[in-house]
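# Understanding the architecture of this molecule
What follows is each chain in one-letter form.
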Amino acid sequence: MAEALKDMVARYIDAVGGGDGSFAMPVPVPGLAISRVSQPVIPHHRIYRPTICVVLQGAKRILSGDRVLEYGENQLLIVTVELPASGQIVEASPEQPYLGLNIDFDPALMREVMDDLENPPKPSGDGIACVFVQDFDEALQDCVRRLLNLMETPKAIPVLARSIMREICYWLLTGPNGREICKLALPGSHARRMSDAIYRLRDNFAEPVRIDELAAVARMSPSSFHQHFKTLTSMTPLQYQKHMRLLEARRLMVTDGANVASAAYQVGYESASQFSREYTRMFGTPPKRDVSEMRASPMETAAA
C-alpha cells in the first residue's frame, strides 16, 4: 500500500504541473496537503500547527527548542500544540524525491471520537510531549489512500471526508501515542490549558511577555507554568515570543514587502539593530539577504 500511495501523490503533483514545493491538489480535500522536493534543503523555520506530517519517501528532521527528531519513509511526525520549529529535508534526490503529506488536526473531532470510545486512553502523567514520531501503519495508510481517492469523486468529499478523518483520530487515539494525543481533546488537561496560554502569547506576541497573565490562563502558578511551558515547547516563554516575532517579521518582508525597520517595529522591537542581530542569529543570514534567498527558493514552501 505504501508504494501505491507514493504513486498516487506523484500522479496528483504531475497533474498540477509537477516540480517542487507544496501543491494545491486538483480537487482539494479539507485538511490535506501534499509536497515534493527533489534535493535536500536547509532548515526552514515556520509555525507548526497541530498536524500529522507523513513521509512517504525521503527523510526530514525537525528542531524544536533543544529537541531534535528525525523521521523517514513510512513514518509520521505528530504535533499536538502550535509551536515555532525548524524543519529540514535531509534525504531527497531527482531520482527519489521527498514525498510527503500533512493532515491537520481537528480537536473538536478528536473529542467527538474520544467520547465514542468504550475505553478511551487515559492521559499520561505530568510529563508532556507535544512532538513525537511513530510508524505510518497500514490502518493509517488505508485512511490516507481513501482520502486521496476522494479527489476522483469530488461530490463525495463533503459526505465522506469527515468520516475518514474520524477513522484517523480513532487509530491515533488507540495507537502507541494515544495517551499523549488524547490531551489535545481534553479541555481540563495540562496540555490543553497550556495550549490556551500559548494561543494568548501567540495573539499578543508584539507585547511584553507577562508570565502572571499567561499562568492565570493556564490556571497554574507562575513557577509551575514556566516549568510546564519549557517541557511542552522545549523553550521558555521569552524564547517562544522571540521565535514568533522573527517568523512574523520574515513573513512581512517576504510576503508584504516591508523593509527591515518597519518589520522590526511591527513585531514589537524598539531597536532595528537588535532585531537584525537576533534575526541573523536565528536564521543564519542578515534580514535583507535572507529575504532575497527566500523569494528565490520555491522549495522553502514545501509542507512539513
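The text that follows walks through the structure, step by step, so that each part is easy to find. Note that the structure is a prediction, hence the values are computed from the model and not measured.

Here we take up the overall build of the protein chain. For the protein chain, the helix and strand inventory stands at 12 helices and 10 strands. Relative to the compact-globule value of 19 Å for 304 residues, the protein chain shows a C-alpha radius of gyration of 20 Å, a close match. With the principal axes as the frame, the protein chain shows a C-alpha extent of 55 × 45 × 30 Å. Looking at the protein chain as a whole, 50% of its 304 residues are labelled buried. Expressed as a percentage of contacts within the protein chain between residues at least 6 apart in sequence, the contacts between residues at least 24 apart total 72%. Here the protein chain has roughly 13800 Å² of accessible surface; of this, 50% comes from carbon and sulfur atoms. Taking the average place of the 33 positive charges on the side chains of the protein chain and the average place of its 36 negative ones, the gap between the two points comes to 5 Å.

Moving on to the nonpolar core. Of all hydrophobic cores here, the largest spans 50 residues; its most connected members are Ile62, Leu77, Val131, Phe225, Tyr240 and Phe275. The dominant element in this core, judged by the number of residues it contributes, is helix H9 (residues 237-255), at 7 residues. Counting 45 residues, the second largest nonpolar core, distinct from the first, contains Phe23, Val54, Met114 and Leu172.

What follows deals with the sheet that holds strand E1 (residues 21-23). Spatial ordering of the open sheet is given by E1-E2-E9-E4-E7-E10, a layout of 6 strands whose pairing is antiparallel. Where the open sheet ends on each side, the last strands, each with one partner, are E1 and strand E10 (131-135). Put simply, the sheet's adjacent strands are angled 25° from each other on average, direction ignored. Strand direction decides the pairing type here: strand E4 (residues 51-57) and strand E7 (residues 75-79), joined by 5 bridges, are antiparallel. Across the sheet, the residue bridging to threonine 51 is valine 79, located in E7. Packing of helix H1 (residues 2-15) onto the sheet brings it into contact with E1, strand E2 (32-37), E4 and strand E9 (98-104), and relative to E2 it is tilted by some 85°.

The strand order E3-E8-E5-E6 describes an open sheet built from 4 strands, whose pairing is antiparallel. Edge positions in the sheet fall to strand E3 (44-48) and strand E6 (67-72), since each has one partner strand and no second. Direction aside, neighbouring strands of the sheet carry axes that sit 30° apart on average. Taken together, the 6 bridges between strand E5 (residues 59-64) and E6 define a ladder with antiparallel strand orientation. In the sheet register, arginine 61 faces E6, and the bridge partner there is glutamate 70. Sheet strands in contact with H9 are E3 and strand E8 (83-91), and its direction is about 110° off that of E3.

The next point concerns the packing of H9 against helix H11 (residues 272-283). For the pair H9 and H11, interaxial distance at closest approach is 11 Å and the crossing angle is 95°. As far as their axial angle goes, H11 and H9 are roughly perpendicular. On the side of H9, the interface is formed by Lys242, His243, Leu246, Leu247, Ala249, Arg250 and Met253, while H11 contributes Phe275, Glu278, Tyr279, Met282 and Phe283.

Okay, the pairing of E5 next. Counted along the chain from E5 to the antiparallel partner E6, the turn is 2 residues long, and its residue glycine 65 has a positive phi close to 60°. With 5 bridges connecting them, E5 and E8 associate as antiparallel partners. Residue leucine 63 lies in a different strand from E8, and its bridge partner there is serine 86.

Our next topic: the pattern of salt bridges. Evaluated as defined, the whole model comprises 17 salt bridges. The salt bridge involving arginine 49 is made with glutamate 82; its shortest N-O contact spans 2.7 Å. On the criterion of sequence distance, the pair formed by arginine 49 in the loop between E3 and E4 and glutamate 82 in the loop between E7 and E8 is long-range, its members being 33 residues apart. Given a relative accessible area of 3%, glutamate 82 falls into the buried group. A salt bridge links glutamate 278 to lysine 242; the nearest nitrogen and oxygen atoms lie 3.7 Å apart. Taken together, the positions of glutamate 278 in helix H11 and lysine 242 in helix H9 put the pair 36 residues apart, joining distant regions of the chain.

Here we take up the side chain of lysine 6. With respect to the helices and strands, lysine 6 occurs in helix H1. Discounting residues that sit within four places of it in the chain, lysine 6 has contacts with Leu56, Gln57, Glu73 and Leu99.

Right, let's talk about the packing of aromatic side chains for a bit. Inspection of the entire model under this criterion finds 6 aromatic pairs. Between the aromatic rings of phenylalanine 275 and tyrosine 279, the centroid separation amounts to 5.6 Å while the plane-to-plane angle is 55°, which identifies the pairing as tilted. Residue phenylalanine 275 and its partner tyrosine 279 are both found in helix H11; the two are separated by 4 residues, about one turn of the helix. The class of phenylalanine 275 is buried, set by a relative accessible area of 0%. The class for tyrosine 279 is buried, based on a relative accessible area of 0%. Taken together, the ring pairs connect Tyr269, Phe275, Tyr279 and Phe283 into an aromatic cluster. The ring of tyrosine 269 carries the charged tip of arginine 245 above its face, separated from the ring centre by 5.7 Å. If you follow arginine 250 out to its NZ or CZ, it ends over the ring of phenylalanine 283, 4.0 Å from the centre.

Calculation notes
- All chains use their own residue numbering, which begins from 1 and follows the written sequence.
- With the structure being a predicted model, the display of local features is reserved for residues of pLDDT at least 70 and the display and counting of side-chain atom pairs for 80 or more, all residues being used for whole-chain, interface and lining totals.
- As a rule here, side-chain values come from all non-hydrogen atoms in the structure, and water together with hydrogens is ignored.
- Secondary structure elements are defined from DSSP: runs of H or I of at least 4 residues count as helices, runs of E of at least 2 residues count as strands, and each element is numbered from the N terminus.
- The globule rule is 2.2 Å times the number of residues to the power 0.38, and the radius of gyration it is compared with is taken over C-alpha atoms.
- Throughout, exposure labels follow a simple rule: accessible area from a 1.4 Å probe, protein chains only, divided by the maximum for the residue type, with under 20% read as buried, over 50% as exposed, and the rest as partly exposed.
- Whether two residues touch is decided by their heavy atoms; if any such pair falls within 4.5 Å, the residues are in contact.
- Each accessible area value is a Shrake-Rupley result obtained with a 1.4 Å probe; residue values ignore everything except the protein chains displayed when judging cover.
- Lys and Arg are tallied as positive, Asp and Glu as negative. Neither His nor the chain termini are counted.
- By convention, charge coordinates are those of NZ in Lys, CZ in Arg, CG in Asp, or CD in Glu.
- By nonpolar core we mean a set of buried residues, namely Ala, Val, Leu, Ile, Met, Phe, Trp, Tyr and Cys, connected to one another through side-chain atoms within 4.5 Å.
- Strand pairing follows a simple DSSP-based rule, namely that at least 2 bridges must link the two strands.
- For every element, the axis is a line fit to its C-alpha atoms; helices are fit only across the contacting stretch, and the angle between N-to-C directions ranges from 0 to 180 degrees.
- Each angle is binned into one of four classes, with values under 35 degrees roughly parallel, values over 145 roughly antiparallel, values of 65 to 115 roughly perpendicular, and all other values oblique.
- Here, a salt bridge means any side-chain nitrogen of Lys or Arg that lies within 4 Å of a carboxyl oxygen of Asp or Glu.
- Note on aromatic contacts: the rings of Phe and Tyr and the six-membered ring of Trp form a pair at centre separations within 6.5 Å, being stacked when their planes are under 30 degrees apart, edge-to-face when over 60 apart, and tilted otherwise.
- Any Lys NZ or Arg CZ that is within 6 Å of a ring centre and within 35 degrees of that ring's normal is treated as a charge sitting over the ring.

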